[in-house]
Amino acid sequence: SVSRAIKPFAEPGRPPDWFSQKHCASQYSELLETTETPKRKRGEKGEVVETVEDVIVRKLTAERVEELKKMIKETQEKYRQLKKDAELIQAGHMDNRLEELCNEIMMWVV
């Protein structure tokens, strides 16, 4: 059921069997094996003890946040460059490169 639930959130290019139950189970097992088990603390009753699953969720969440920050930074840089190019084109400073730029744009679209 987990494999079906996460399939819509897949990155493009994943193989068809990536979301099979067998593959998901093996990935989860690998996560459990490579994650350090949190040490239990002696404490008062009712104290919440962090589980291996909590550690995995926190680790993967942090990794994903970093990936998204990197993607945002790359997108912002690309936007700044495109805006700068657009301003140069409007000012007439890139008339000698218009055909080359048009070809680049056509390659992005296709």
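Scroll up for the structure.
First things first, this report covers the structure right here in the doc.

So, how was this worked out
- Residues numbered from 1 in each chain as written.
- Predicted model: local features only at pLDDT ≥ 70, side-chain atom pairs only at ≥ 80, totals over all residues.
- Heavy atoms only, no water.
- Helix = DSSP H or I, 4+ residues; strand = E, 2+ residues; numbered from the N terminus.
- Polar contact = N/O pair within 3.5 Å; in protein donor to acceptor, adjacent residues only side chain to side chain.
- Patch = residues over 30% accessible without salt bridge, like charges linked within 9 Å, V, L, I, M, F, W, Y side chains within 5 Å.
- Areas by Shrake-Rupley, 256 points an atom, 1.4 Å probe, with all protein chains shown as cover.
- Salt bridge = Lys/Arg side-chain N within 4 Å of Asp/Glu carboxyl O.
- Buried < 20%, exposed > 50% of the residue type's maximum accessible area, 1.4 Å probe, protein only.
- 1 Å grid on protein atoms, 1.4 Å probe; cavity = no way out; pocket = protein on both sides within 12 Å on 5 of 7 lines; lining within 4 Å.
- Points joined across faces, edges and corners; volume = space filled by probe spheres on them.
- Nonpolar A, V, L, I, M, F, W, Y, C, P; charged D, E, K, R; others polar.
- Axes fitted to C-alpha atoms, helices over the stretch in contact; angles between N-to-C directions.
- Parallel < 35°, antiparallel > 145°, perpendicular 65-115°, else oblique.
- Contact = heavy atoms within 4.5 Å.
- Expected span 1.5 Å × (residues − 1).

What follows covers the environment of Y28. Within the secondary structure, Y28 is located in helix 2 (residues 21–34). Within the structure, the side chain of Y28 is placed 3.3 Å from the side chain of E53, a separation counted as a polar contact.

A separate point is a nonpolar patch on the surface. The grouping of L82, I105, W108 and V109 at the surface amounts to a nonpolar patch, some 420 Å² of accessible area in total. Assessed through its relative accessible area of 64%, V109 is described here as exposed.

This paragraph deals with the layout of surface pockets. Size it by volume and the largest pocket reaches roughly 1000 Å³. Those elements giving two or more residues to the lining of the largest pocket turn out to be helix 1 (2–6), helix 2 and helix 3 (52–91). For the lining of the largest pocket, the leading source of residues is helix 2, giving nine residues. Looking at the lining of the largest pocket residue by residue, the classes come out as 13 nonpolar, seven polar and seven charged. Estimated volume of the second largest pocket: approximately 170 Å³. Around the second largest pocket, the lining residues are Q81, L82, D85, A86, I89, L101, E104, I105 and W108.

For the pair helix 2 and helix 3, interaxial distance at closest approach is 10 Å and the crossing angle is 100°. Taken together, the axes of helix 2 and helix 3 lie roughly perpendicular to each other. Here helix 2 contributes Y28, L31 and L32 to the contact with helix 3, which in turn contributes V52, E53, I56 and L60.

The subject of this paragraph is helix 3. For helix 3, which comprises 40 residues, the first-to-last C-alpha distance of 59 Å matches the rise-based estimate of 58 Å (1.5 Å per residue) to within 8%. Within helix 3, the full set of buried residues consists of V52, V55, I56 and D85. The elements touched by buried residues of helix 3 are helix 2.

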